[in-house]
Amino acid sequence: MLAVMSLFSVEGKTVVVTGGSRGIGRMIAQGFVTAGARVYIASRKTAELEKTAAELGCTAITADLSTREGIETLVSAVSAQEDRLDVLVNNAGAVWGAPLEDYPESGFDKVYALNVKAVFYLTVRFLPLLRAAASPDDPARVINIGSVDGIRVPEMENYAYSAAKAAVHQLTRHLAGRLAPERITVNAIAPGPFESKMMAFALNDPKMRAEIEAAIPLGRIGRPEDVAGAAIYLSSRAGAYLTGAVIPVDGGITAKA
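Residues numbered from 1 in each chain as written. Predicted model: local features only at pLDDT ≥ 70, side-chain atom pairs only at ≥ 80, totals over all residues. Heavy atoms only, no water.

The chain appears in an unreviewed UniProt entry as NAD(P)-dependent dehydrogenase (Short-subunit alcohol dehydrogenase family) from Thermopolyspora flexuosa. Under the UniProt heading Sequence similarities (unreviewed entry), the note attached to the chain is "Belongs to the short-chain dehydrogenases/reductases (SDR) family." (UniProt positions renumbered as here; feature names shortened; annotations may be inferred.)

See the structure below:
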């Protein structure tokens, strides 16, 4: 039997977090760094990325993951330094809101390219390193960041985003079934409201923030340790027997949906 605390250890694991320069990606990356993992973060904005990497003590790789070239850039950079990858966190994403009859095709294209296609192709391209890390007792892990908006219908008119996050959840299940025999688990976290650029328009307004908090059964906005804890659990021995799951980290929003 393992000691209880060692069940949640990710010390020494190699982790890639996309969209790791800010928001939920930064929260997850910081959690892994603090827990003793070796972390790579990726995004397309070099200055912001390098600033975050310096603050957290991890490695920055600039890559626009909405393109196949950006995916190759990230995979090549990690492969040049590592011969295995224990955890891939597909967090990079985009949102687009517009009224129904004004919703542009460019919005759908941008959101789907980053939120769905990049998740699929980045996972596929990292398979050699994930396979190298996989074992029956300690599988390699893929963690996709979905959303409560992919579980329930949101009030905001973010049609492409909510549909894309629902696609991420289904893609997670599909990949989980395919990769389980190779000892690679695939799970998703579906966050509710957290402090992020995506939510800043609402959370920075005291009235809107109060309304959002009042609608959350637990009565508060998510904190960094909430989402980092879920990611660490999924990446540790404690989460080794879980695959194909979509875990809402939302303060109970989807429980009442």
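Draft legend 1. Summary view of the environment of Ala92. Structurally, the position occupied by Ala92 is in the loop between β4 (87–90) and α4 (105–125). Among the residues examined, Ala92 registers a relative accessible area of 17% and is labelled buried. Between the C-alpha atoms of Ala92 and Ser21, which are 71 residues apart in sequence, the distance is 9.6 Å. Excluding its chain neighbours within four sequence positions, the residues that come into contact with Ala92 are Thr18, Gly19, Leu65, Leu114 and Asn115. (Helix = DSSP H or I, 4+ residues; strand = E, 2+ residues; numbered from the N terminus. Buried < 20%, exposed > 50% of the residue type's maximum accessible area, 1.4 Å probe, protein only. Contact = heavy atoms within 4.5 Å.)

Draft legend 2. Seen up close, the sheet that holds strand β3 (residues 59–62). In space, the seven strands of this open sheet follow the order β3-β2-β1-β4-β5-β6-β7, with parallel pairing throughout. Both edges of this open sheet fall to β3 and β7 (246–249), since each of them pairs with a single strand only. Going from strand to strand, the sheet's axes swing by 20° on average, the running direction of each strand aside. In this sheet, strand β6 (residues 184–191) lies alongside strand β5 (residues 140–145) in parallel orientation, the contact comprising six bridges. Opposite Ala140, over in β6, you have Ile184 as the bridge partner. (Pairing = 2+ DSSP bridges. Axes fitted to C-alpha atoms, helices over the stretch in contact; angles between N-to-C directions.)

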